[in-house]
Amino acid sequence: MEPPANPHPKTPLCHASDPLGKVPRITEPLGLQALRWPSFSLTRTLVVSMSPELGSETDPNSEVAISERLISVVIPMWNELEMLPRTIEAMSKELDSLVEQGAVGNWELLFVDDASTDGCGELADEYSAADARIQVRHHVTNRKLGGSIRTGLAAASGDLILYTDADLPFDPAEIRQ
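Here the structure is a predicted model, which means the values were calculated and not measured.

A.B. asks: Looking at this structure, I do not really get the environment of Tyr163. What am I missing?
C.D. replies: For Tyr163, the position within the fold is in strand β6 (residues 160-163). With 90 residues separating them along the chain, Tyr163 and Val73 place their C-alpha atoms 5.6 Å apart. A polar contact is formed between the side chain of Tyr163 and the side chain of Asp165, at a distance of 2.8 Å.

A.B. asks: Looking at this structure, how should I read the environment of Asp113?
C.D. replies: Tracing the sequence through the fold places Asp113 in strand β4 (residues 106-114). Overall, Asp113 belongs to the buried group, its relative accessible area being 7%. Here the alpha-carbon distance between Asp113 and Arg143, two residues 30 residues apart in the chain, equals 9.9 Å. The residues contacting Asp113, other than those within four sequence positions of it, are Met77, Cys120, Gly121, Arg137, His138 and His139.

A.B. asks: Explain the side chain of His139 here, please?
C.D. replies: Its place among the elements puts His139 in strand β5 (residues 134-139). Within the local environment of His139, its side chain forms a polar contact with the side chain of Thr151, the two groups lying 2.8 Å apart.

A.B. asks: Would you explain the pattern of salt bridges in this entry?
C.D. replies: Pairs may arise between side chains of opposite charge once their charged atoms sit close together. In the structure shown here, the tally under the stated rule is three salt bridges. Of the charged contacts, one joins Arg133 and Asp131 as a salt bridge, the two residues approaching to 3.0 Å between their closest N and O atoms. It is possible to trace a salt-bridge network through shared partners that takes in Asp96, Asp131 and Arg133.

A.B. asks: What should I look at first to understand helix α2 (residues 84-100) in this one?
C.D. replies: Within an α-helix, residues lying three or four positions from one another point in the same direction, as the helix has 3.6 residues per turn. The end-to-end C-alpha separation of α2 is 24 Å, in line with the 24 Å expected for 17 residues at 1.5 Å each. What α2 keeps buried is the set Leu84, Thr87, Ile88, Met91, Ser92, Glu94, Leu95, Ser97 and Leu98. Where α2 is buried, its residues contact β3 (70-77), β4, α3 (120-130) and β5.

A.B. asks: Can you walk me through unusual backbone geometry in this structure?
C.D. replies: Trans peptide bonds make up most of the peptide bonds, and negative phi angles are found at most residues other than glycine. A positive phi angle is found at Asn79, which is not glycine, with a value near 55°. Position of Asn79 relative to the elements: it lies in the loop between β3 and α2.

A.B. asks: Explanation requested: the confidence of the model for the protein in the structure shown.
C.D. replies: Interpretation of the predicted coordinates at a detailed level should be avoided for regions scoring low in pLDDT. When pLDDT is averaged along the protein, the result is 74; 62% of the residues meet or exceed 70. Contacts of residues 6-59 to residues separated by more than four positions or lying in other chains number 106 contacts, the stretch itself having pLDDT below 50.

A.B. asks: I'm lost on the environment of Ala155 in this one. Help?
C.D. replies: Assignment of secondary structure puts Ala155 in helix α4 (residues 144-155). Classification of Ala155 by relative accessible area gives partly exposed; the value is 22%. Between the C-alpha atom of Ala155 and that of Arg137, which follows or precedes it by 18 residues, the distance is 8.3 Å. Setting aside residues no more than four positions away along its own chain, Ala155 makes contact with Leu110 and Arg137.

A.B. asks: Just to check I follow, could you spell out the packing of α2 against α3 for this structure?
C.D. replies: Relative orientation and spacing of two packed helices are given, respectively, by the angle between their axes and the distance between those axes. Contact pair α2 / α3: the axes reach a minimum separation of 10 Å and the direction vectors enclose 35°. Every pair of crossing elements has a handedness; the one defined by α2 and α3 is right-handed. In this structure, α2 contributes Leu84, Pro85 and Ile88 to the contact, and α3 contributes Cys120, Leu123, Ala124 and Tyr127. Within the contact of α2 with α3, the residues separate by chemical class into seven nonpolar, no polar and no charged.

Conventions used here
- Residues numbered from 1 in each chain as written.
- Predicted model: local features only at pLDDT ≥ 70, side-chain atom pairs only at ≥ 80, totals over all residues.
- Heavy atoms only, no water.
- Helix = DSSP H or I, 4+ residues; strand = E, 2+ residues; numbered from the N terminus.
- Polar contact = N/O pair within 3.5 Å; in protein donor to acceptor, adjacent residues only side chain to side chain.
- Buried < 20%, exposed > 50% of the residue type's maximum accessible area, 1.4 Å probe, protein only.
- Contact = heavy atoms within 4.5 Å.
- Salt bridge = Lys/Arg side-chain N within 4 Å of Asp/Glu carboxyl O.
- Expected span 1.5 Å × (residues − 1).
- pLDDT = per-residue confidence, 0-100.
- Axes fitted to C-alpha atoms, helices over the stretch in contact; angles between N-to-C directions.
- Left-handed = near helix turned anticlockwise from the far one by under 90°.
- Nonpolar A, V, L, I, M, F, W, Y, C, P; charged D, E, K, R; others polar.

Have a look at this one:
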């Protein structure tokens, strides 16, 4: 499925939807292009990618671009101490596999700690200190899910950006699709 034509080539379009219909579809230029994956219709997984100009170094048809592409996974969290090790292990394993296969050049996990009180932010910091591909942003006050997603998307540096919840409501192997 091809993305819709962009009337503003310098400002990619953003399209997002909420499976429960609570968030309206966004169609105005926002600087990012987001696509829902049909196989995740019951989750809050959002795929965001920058729209490259045709023929540019980031043209998706370029073999060089694919092997150098960075994938970012934004994971908001609030009191997810028990889930965090499982989430990092599962996502790291799958993302490493994508790098080994040449589907992407590298990856980053970007956790947004939304003023957690259970220590998951500190644990995420420990993982970040051990692996530079794991990044953590902290909110001093709880900004709720929307604020955490905005923080994560703003901090993400990937060519392809995914968002998912810390409890992994989908199998990370589905990223390949």
